[in-house]
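# Observations on the model geometry
Listed below are the residues making up each chain.
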Amino acid sequence: MSWRATFLLLAVLSLAAAKYRRYDGHRVYRVVPSKGHHLDLLNKLAHENKKEITFWKAAYVTNKPADVMVSPQVKNSFLAALKKNGVKYSVLVEDVQKLIDKQRPTGAAGGKFSWDDYYPLEDVYKWIKSLPAKYPGIVTTVVGGYSYENREIVGVNISFGTNRPIVVLEGTIHAREWISTAAVTWMLNQILTSTNSTVRSIVDQFNYYILPVYNPDGYKYTFTDDRMWRKTLQPHLPCMGADPNRNWDHRWSEEGASNNPCDGKYHGPRAFSEIEIRTVSKFLASLGRDLQLYMAFHSYSQLLMYPYGSFP
Ligand SMILES: [Zn+2]
């Protein structure tokens, strides 16, 4: 290889590496706001430093810990504000980049799909599409909708017979919540393979539509550009993406959502502005009255929220 080709190759490789956003020195603090003004302070700091301070776990009630990721640029001023106001905190994650490096897919299963690793979109879809041949007459693949970059939102229908109530399971509507795709595919696999008689007597009563990666553009983006991406990829100037889970028409733009296009909880310019929500919503409506249960999986918070999650 000539020196010119070597130089070009190195340049391309370093560009590819530079593309993936790094979080070196970003720390996550577990903060316990014990007074109302502590909550106000945390939310104000995050609001004023959107790019530097991000909630991993929101500060919405006193005496419940909030987890806050803080960049090295504002670390000192953030800690000074906490100390000045007597807010207790501890370090939860010393260096977010190290955590991201640990989570990168290892490919250790040698092309086999497992639940000991994370998988890029193509591998998740490949596994989903392999299921009908393994379970003929029970599993069919479905396209629940489409993404802004025109990807199919691929899922499965599991049918154990006619006239059964329908259960819908959804994972990774928020792009970075990889564990929800793992959780949903794990359940999918259990529904198909469990030999436990108690499990079978329950799961066989229903039919299922399962969408393990609701936000495929965003999910792919977390592997190629930014591990912490949450939204869709549709441009909403001056930023990109809306929070698809704040884009339904039920109580659209009310509490818990932001009207700032640069915020992670941006609700979009109008309900159903995101094609993912528009198309999957139509798909769900087409299931009719047999649709009895819809479960969405997120990470993290250890919360079970039931209809409707928008109510306090
Ligand atoms: Zn979520």
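Residues numbered from 1 in each chain as written. Predicted model: local features only at pLDDT ≥ 70, side-chain atom pairs only at ≥ 80, totals over all residues. Heavy atoms only, no water.

As annotated in an unreviewed UniProt entry, the chain carries the name Zinc carboxypeptidase A 1 and comes from Melanoplus sanguinipes. Here the chain is described in UniProt, under the heading Cofactor (unreviewed entry), as follows: "Zn(2+)". (UniProt positions renumbered as here; feature names shortened; annotations may be inferred.)

### Notes on the coordination of the zinc ion
The protein atoms that coordinate the zinc ion are H174 (ND1), E177 (OE), E177 (OE) and H298 (ND1), at distances of 2.0 to 2.3 Å. Given four donor atoms and angles of 57 to 152° at the metal, the environment of the zinc ion is assigned as irregular. Along the chain, the residues that donate to the zinc ion are spaced as H-x2-E-x120-H. You'll find H174 and E177 in the same group, each marked buried. (Donors = N, O, S within 2.8 Å, 3.2 Å for Na, K, Ca; no water. Tetrahedral: all angles 85-135°; square planar, octahedral: opposite > 155°, others 65-115°. Buried < 20%, exposed > 50% of the residue type's maximum accessible area, 1.4 Å probe, protein only.)

### Focus on the pattern of salt bridges
Following the criterion strictly, the structure yields 15 salt bridges and no others. Across the pair K19 and D225 runs a salt bridge, and its minimum N-O distance is 3.5 Å. Taken together, the residues K19 in helix α1 (residues 3-19) and D225 in the loop between α8 (216-224) and β9 (235-236) connect sequence positions 206 residues apart. Assessed through its relative accessible area of 14%, D225 is described here as buried. Salt bridges linked by common partners bring E149, R151 and D217 together as one network. (Salt bridge = Lys/Arg side-chain N within 4 Å of Asp/Glu carboxyl O. Helix = DSSP H or I, 4+ residues; strand = E, 2+ residues; numbered from the N terminus.)

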